[in-house]
Amino acid sequence: DVKVTQSSRYLVKRTGEKVFLECVQDMDHENMFWYRQDPGLGLRLIYFSYDVKMKEKGDIPEGYSVSREKKERFSLILESASTNQTSMYLCASSLIKGATEAFFGQGTRLTVV
Amino acid sequence: AQTVTQSQPEMSVQEAETVTLSCTYDTSESDYYLFWYKQPPSRQMILVIRQEAYKQQNATENRFSVNFQKAAKSFSLKISDSQLGDAAMYFCAYRGKGAQKLVFGQGTRLTINP
């Protein structure tokens, strides 16, 4: 059974803190993604990675960075958390080729106070 | 850039009835993939159905089927014999054939009335 696991379901952090959201997949997928989900806006892509140490900016990369040191792990970093980064964060992975779906983690609801 | 639009923020339907969720997209590509995802209250996104643009036949998965109109750039989801477990957010998504990322619509919240 395929699995994408995010390290936390709920997280509360203070403004200005450095925040790490971790994601691990066990499917040997090349692609990994971080999306942000907000009501009325759907899912917006923050960053994605198609290989170890490779990354590409998505639609809303400002205020975020990522790290992919191993194929199965993709981390999202909020360098200095702000209240407007309070949101649901979803990690996903997929194969590179074909009409393959993306598999999602269970989401991390982050609140910045 | 590709965009996906779901114009119905909320829909409701009586149990056992049929409901159709709308999705339109904008692209200049001729070959691509379209998906419908379901996100129940548990938050786990689940693939409902997929369609490859070069296939004219509409995809079907049990009670779920799509109406894919390539010229109109429309990709609606029909749920037949609605069940209480179908209550969820539904997202339409697009992926270009040569691209890696999925582009999502805004989502439609579906309520099933018993």
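What you see is a predicted model, and the numbers here were worked out from it, not measured in a lab. (Residues numbered from 1 in each chain as written. Chains lettered and ligands numbered in written order. Predicted model: local features only at pLDDT ≥ 70, side-chain atom pairs only at ≥ 80, totals over all residues. Heavy atoms only, no water.)

Details of the overall build of chain B
For step 1, the next point in the chain: Within chain B one finds zero helices and twelve strands.
For step 2, the next point in the chain: A compact globule built from 114 residues should have a C-alpha radius of gyration of about 13 Å, and chain B, at 14 Å, falls within 12% of that.
For step 3, the next point in the chain: With the C-alpha coordinates of chain B rotated into their principal frame, the extents come out at 40 × 25 × 20 Å.
For step 4, the next point in the chain: Counting all 114 residues of chain B, 49% fall into the buried class. (Helix = DSSP H or I, 4+ residues; strand = E, 2+ residues; numbered from the N terminus. Rg over C-alpha atoms; globule rule 2.2 N^0.38 Å. Buried < 20%, exposed > 50% of the residue type's maximum accessible area, 1.4 Å probe, protein only.)

Re the overall build of chain A
For step 1, the next point in the chain: When its secondary structure is counted, chain A shows zero helices and eleven strands.
For step 2, the next point in the chain: If you list the helices and strands of chain A from N to C, you get β-β-β-β-β-β-β-β-β-β-β.
For step 3, the next point in the chain: The C-alpha atoms of chain A give a radius of gyration of 13 Å, which matches the 13 Å a tight globule of 113 residues would have.
For step 4, the next point in the chain: Taking the principal axes of the C-alpha coordinates as reference, chain A spans close to 40 × 30 × 25 Å.
For step 5, the next point in the chain: Burial status across chain A gives 50% buried among its 113 residues.
For step 6, the next point in the chain: Of the contacts formed within chain A by residues at least 6 apart in sequence, a portion of 54% connects residues at least 24 apart. (Contact = heavy atoms within 4.5 Å.)

Observations concerning the pattern of salt bridges
Two side chains of opposite charge can pair, provided their charged atoms sit close to one another.
For step 1, the next point in the chain: For the structure on display, the rule yields eleven salt bridges over all chains.
For step 2, the next point in the chain: For Lys71 of chain A, the salt bridge goes to Asp28 of chain A, with nearest N and O atoms at 3.0 Å. Residue Lys71 of chain A is located in the loop between β7 (64–70) and β8 (73–78), and its partner Asp28 of chain A is located in the loop between β3 (19–25) and β4 (31–38); the two are separated by 43 residues in the primary sequence.
For step 3, the next point in the chain: Note that Arg63 of chain B is salt-bridged to Asp86 of chain B, the shortest N-O span being 2.8 Å. One end of the pair, Arg63 of chain B, is in the loop between β7 (60–61) and β8 (64–69); the other, Asp86 of chain B, is in the loop between β9 (74–79) and β10 (88–96), and 23 residues separate them in sequence. Here the two residues Arg63 of chain B and Asp86 of chain B agree in accessibility, since each one is buried.
For step 4, the next point in the chain: The network of salt bridges with shared partners includes Arg36, Asp38 and Arg44 of chain A. (Salt bridge = Lys/Arg side-chain N within 4 Å of Asp/Glu carboxyl O.)

As for the nonpolar core
For step 1, the next point in the chain: Core analysis: the biggest nonpolar cluster contains 26 residues, and Tyr25, Trp36, Phe75, Leu77 and Tyr90 of chain B have the highest contact counts within it.
For step 2, the next point in the chain: Sorting the residues of this core by element identifies β3 (19–21), β5 (32–39), β6 (46–52), β8, β9, β10 and β12 (108–113) of chain B as the ones contributing at least two each.
For step 3, the next point in the chain: The element that contributes the greatest number of residues to this core is β10 of chain B, accounting for four residues.
For step 4, the next point in the chain: Leave out the neighbours within four places in its chain, and Tyr90 of chain B touches Gln6, Leu21, Trp36, Tyr37, Lys38, Val48, Phe64, Leu77, Ile79, Gly107, Thr108 and Leu110 of chain B.
For step 5, the next point in the chain: The next biggest cluster of nonpolar side chains, apart from the first, holds 21 residues, and it includes Leu21, Cys23, Ile60 and Tyr64 of chain A. (Core = buried A, V, L, I, M, F, W, Y, C linked by side-chain atoms within 4.5 Å.)

Let's talk about the packing of aromatic side chains
Two aromatic rings, taken as a pair, are described by how far apart their centres are and by the angle between their planes.
Residue and element names in this part refer to chain B.
For step 1, the next point in the chain: Enumeration according to the criterion identifies 15 aromatic pairs over all chains in this entry.
For step 2, the next point in the chain: Taken together, a centroid distance of 6.1 Å and an interplanar angle of 35 degrees make the contact between Tyr25 and Tyr94 tilted. Separated by 69 residues along the polypeptide, Tyr25 in strand β4 (residues 24–26) and Tyr94 in strand β10 bring together distant segments of the chain. Neither Tyr25 nor Tyr94 differs from the other in exposure class; each is buried.
For step 3, the next point in the chain: Seen in terms of ring centroids, Tyr32 and Tyr94 are 5.2 Å apart; in terms of plane orientation they differ by 35 degrees. Their pairing is tilted. (Phe/Tyr/Trp six-rings, centres within 6.5 Å; stacked < 30°, edge-to-face > 60°.)

Description of the environment of Ser75 of chain A
Residue and element names in this part refer to chain A.
For step 1, the next point in the chain: Within the fold, Ser75 resides in strand β8.
For step 2, the next point in the chain: Residue class for Ser75 comes out buried when judged on its relative accessible area of 8%.
For step 3, the next point in the chain: Measuring from C-alpha to C-alpha, the distance between Ser75 and Val24 comes to 8.6 Å, with 51 residues separating the pair along the chain.
For step 4, the next point in the chain: Other than its neighbours up to four places away in sequence, Ser75 contacts Leu21, Glu22, Trp34, Ser65, Val66 and Ser67.
For step 5, the next point in the chain: One polar contact links Ser75 to Glu22, side chain to side chain, over a distance of 2.5 Å. (Polar contact = N/O pair within 3.5 Å; in protein donor to acceptor, adjacent residues only side chain to side chain.)

A look at the interface of chain A and chain B
For step 1, the next point in the chain: Listed by partner, the interface residues are 29 residues for chain A and 19 residues for chain B.
For step 2, the next point in the chain: The junction of chain A with chain B conceals about 1900 Å² of combined surface from both sides, 48% of it contributed by carbon and sulfur atoms.
For step 3, the next point in the chain: Counting across the interface, chain A meets chain B through two salt bridges.
For step 4, the next point in the chain: When the shortest N-O distance is used, the salt bridge between Arg50 of chain B and Glu101 of chain A registers 3.2 Å.
For step 5, the next point in the chain: For the interface between chain A and chain B, the tally reads eleven residue pairs in polar contact (both at pLDDT 80 or more). (Buried area = accessible area lost by both parts, 1.4 Å probe.)

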